[in-house]
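The residues making up each chain are set out below.
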Amino acid sequence: MEKDEDMHQTPTRRLRRRITAAVAATAAAGLAAAGAMLFAGNASAAETLGASAAESGRYFGAAIAPNFLGEEGYANTLNAEFNSIVAENAMKWDATEPSPGQFNFTGGDQLVAYAEDHGMAVRGHTLVWHAQQPTWAQGLQGQALHDAMTTHIAGVAGHYQGKISSWDVVNEAFEWDGSRRQSNLQIQLGDKWIEDAFRAADAADPDARLCYNDYGTDGVNAKSDAIYDMVVDFQARGVPIDCVGFQTHLGSDSDLGSYQQNLQRFADLGVDVEITELDVGGSGSAQANVFRTVTEACLAVDRCTGITVWGITDKYSWRGEETPLLFDANYQKKEAYEAVLDALNAGGRRGPPRRGGGRAPPPPLRIACTPSRLP
Ligand code: XIL
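Cut-offs and rules
Residues numbered from 1 in each chain as written. Predicted model: local features only at pLDDT ≥ 70, side-chain atom pairs only at ≥ 80, totals over all residues. Heavy atoms only, no water. Core = buried A, V, L, I, M, F, W, Y, C linked by side-chain atoms within 4.5 Å. Buried < 20%, exposed > 50% of the residue type's maximum accessible area, 1.4 Å probe, protein only. Contact = heavy atoms within 4.5 Å. Disulfide = S-S within 2.5 Å. Helix = DSSP H or I, 4+ residues; strand = E, 2+ residues; numbered from the N terminus. Phe/Tyr/Trp six-rings, centres within 6.5 Å; stacked < 30°, edge-to-face > 60°. Lys NZ or Arg CZ within 6 Å of the ring centre and 35° of its normal. Axes fitted to C-alpha atoms, helices over the stretch in contact; angles between N-to-C directions. Parallel < 35°, antiparallel > 145°, perpendicular 65-115°, else oblique. Left-handed = near helix turned anticlockwise from the far one by under 90°. Nonpolar A, V, L, I, M, F, W, Y, C, P; charged D, E, K, R; others polar. Near = heavy atom within 4 Å. Polar contact = N/O pair within 3.5 Å; in protein donor to acceptor, adjacent residues only side chain to side chain. Areas by Shrake-Rupley, 256 points an atom, 1.4 Å probe, with all protein chains shown as cover. Expected span 1.5 Å × (residues − 1).

J.: Which residues make up the nonpolar core, and what values do they have?
T.: Soluble, globular proteins show a tendency: their nonpolar side chains are buried together. Ranked by size, the top nonpolar core spans 95 residues in total, and within it Phe60, Trp167, Phe198 and Leu326 carry the most contacts. Setting aside chain neighbours within four positions, we find Phe60 in contact with Leu49, Gly50, Ala53, Phe82, Asn83, Ser84, Ile307, Val309, Leu326, Val340 and Leu344.

Structure follows, in structure tokens:
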């Protein structure tokens, strides 16, 4: 029997999800139909990452820095290949709230406007993280830090309410051994800070899918076990969580033996899974094969809603000389690009929504009929 994962959601969130699911399913069907018309002779011959991902009801995104949008190669590649973006840094706490209660949405707003103009979805990254906190927050203690965290979430997720497909509500809260990372949040606020963050995000943007996001979760291991247990616990206690993000920062020799199995076990809990920050150090076919394996794994998991690579070009990768992306420094397609496109074109359409609205929707690709906020 299929489990009705919606039963874990609060009634209002459940209703919103059902309506969003219906609209998103219509959007996905429309995209698939558009794809079929464009590529009438061969439905699996889409020529860009975004178009090919859309054929299976998924997105293909990139992390973007607003200051590069004026560079022709950067913008042209983004526009041609991607149908979702995430701010590489512009929506983080230090960028959005440089002093207490004083918000700065300049970079994030620029990205959201760009996405709206170009029909792209926007992932939100990230509301609460131990890194890239403003200095003033790093020094807070106890209730003051708790209040700062919830004020920050309300301010940022509230500002972008209705415009974000999924938020990385909490980023990187676990250690390799599955224990909680001893961040200022953990030390000052104790275990409950993660669920408090999710509840605050739910209140601020009931329509966004709410994700927990982490790295080193590229298989069944102690860290992914701990996150899995957290999702089970949240669902049992009605803490809103919709998705788990797998950053997927890899090398060409990464062991992906249980990568797909790991995605699937989360999906089986009734949360969506997303590849959120994919990059693979290396070059040539070794690098391409890792990209291919990750893409195939996502396509094999019905609830894997899409893939985001952590940048467009090796020229601006946060991993410097590791050349971990799909386009080289001159925006030329690499072997890894061809591997990803081939895998997308070969792959698995996401199944239709289950009866009763049990499957959460793919992220809303920008369409005219996005449902208005429900009471
Ligand atoms: C990185 C950015 O790419 C860099 O520009 C910045 O200096 C540091 O952060 N995990 C995450 C991302 O969740 O936010 C990080 O992004 C990369 C690792």
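J.: For the state of the cysteines, give the residues involved together with the corresponding values.
T.: A full pass over the atoms with the stated rule returns two disulfides. Disulfide pairing places Cys211 opposite Cys243 at an S-S distance of 2.1 Å. Sign of the S-S torsion, about -95° for the bond between Cys211 and Cys243, identifies this disulfide as left-handed. Of the two residues, Cys211 sits in strand β5 (residues 209-214) while Cys243 sits in strand β6 (residues 243-246), which places them 32 residues apart along the sequence. Both residues of the pair, Cys211 and Cys243, count as buried. Shown here is the disulfide that connects Cys298 with Cys304, its sulfur atoms set 2.1 Å apart. Judged by the sign of its S-S torsion, about -100°, the cystine formed by Cys298 and Cys304 is left-handed. Each disulfide in the protein chain links cysteines that, numbered along the sequence, combine into the pattern 1-2, 3-4.

J.: Tell me about the packing of aromatic side chains, residues and numbers included.
T.: Per the stated rule, a full pass over the model turns up 14 aromatic pairs. Ring geometry for Phe198 against Phe234: centres 5.9 Å apart, planes inclined by 70°, an arrangement best described as edge-to-face. Placement of the pair is Phe198 in helix α9 (residues 193-204) and Phe234 in helix α10 (residues 222-237), with a sequence separation of 36 residues. The same class applies to Phe198 and to Phe234, which are both buried. An aromatic cluster of three or more residues is present, and its members are Phe60, Phe82, Phe327 and Tyr337. Residue placement shows Lys223 over the ring face of Trp176; its charged tip is 4.8 Å from the ring centre.

J.: Kindly report on the packing of helix α11 (residues 259-269) against helix α12 (residues 284-300), identifying the contributing residues and their values.
T.: Relative orientation of the contacting elements α11 and α12 amounts to 30°, with a least axis distance of 9 Å. By the angle class used here, α11 and α12 are roughly parallel. Judged by the sense of rotation from one axis to the other, the crossing of α11 with α12 is right-handed. Residues Tyr259, Gln260, Leu263 and Gln264 of α11 pack against Val294, Ala297, Cys298 and Ala300 of α12. Taken together, the residues of the contact of α11 with α12 break down into six nonpolar, two polar and no charged.

J.: I'd like a rundown of the site of the ligand, residues and numbers included.
T.: What surrounds the ligand is a group of 13 residues, the closest being Glu88, Lys92, His125, Asn171 and Glu277. Between the ligand and Glu88 there is a distance of 2.4 Å, counted from an oxygen atom to a side-chain nitrogen or oxygen. Between an oxygen atom of the ligand and a side-chain N or O atom of Glu277, the distance comes to 2.7 Å. Look at the ligand: alone it shows 410 Å² of surface, and the protein chains cover 77% of it. Residues of the shell around the ligand, tallied by class, amount to three nonpolar, six polar and four charged.

J.: A description of α10 should follow, citing residues and the corresponding values.
T.: Compared with an ideal rise of 1.5 Å per residue, which puts 16 residues at 22 Å, α10 spans 23 Å between its outermost C-alpha atoms and is within 8% of the ideal. Considered for burial, the residues of α10 that qualify are Lys223, Ser224, Ala226, Ile227, Met230, Val231, Phe234 and Gln235. Contacts from the buried residues of α10 go to α9, β5, β6 and α11. Backbone nitrogen of Lys223 and a side-chain oxygen of the N-cap are separated by 3.1 Å at the start of α10; the cap is Asn221. At the exit of α10 stands Gly238, carrying a positive phi of roughly 75°.

J.: Would you mind going over the side chain of Thr248 in detail, with residue names and values included?
T.: Mapped onto the elements of the fold, Thr248 is located in the loop between β6 and β7 (249-251). A polar side-chain atom of Thr248 sits 2.8 Å from a polar atom in the side chain of Tyr259. Excluding residues that lie within four positions of it along the chain, Thr248 makes contacts with Asp218, Tyr259, Ile275, Glu277, Leu278, Asp279 and Val294.

J.: Hey, could you go over unusual backbone geometry for me, with residue numbers and the actual values?
T.: At the junction of His125 and Thr126, the peptide bond is cis and its omega measures out at -10° in the coordinates. Here Thr126 is to be found in strand β3 (residues 121-129). You will see that Glu172, though not glycine, has its phi angle at about 60°, which is positive. Relative to the elements of secondary structure, Glu172 occurs in the loop between β4 (166-171) and α8 (184-189). Residue Glu172 is classed as buried on the basis of its relative accessible area of 9%. Positive phi outside glycine occurs at Thr248, with the angle close to 65°. Judged by relative accessible area, which is 0%, Thr248 ranks as buried.

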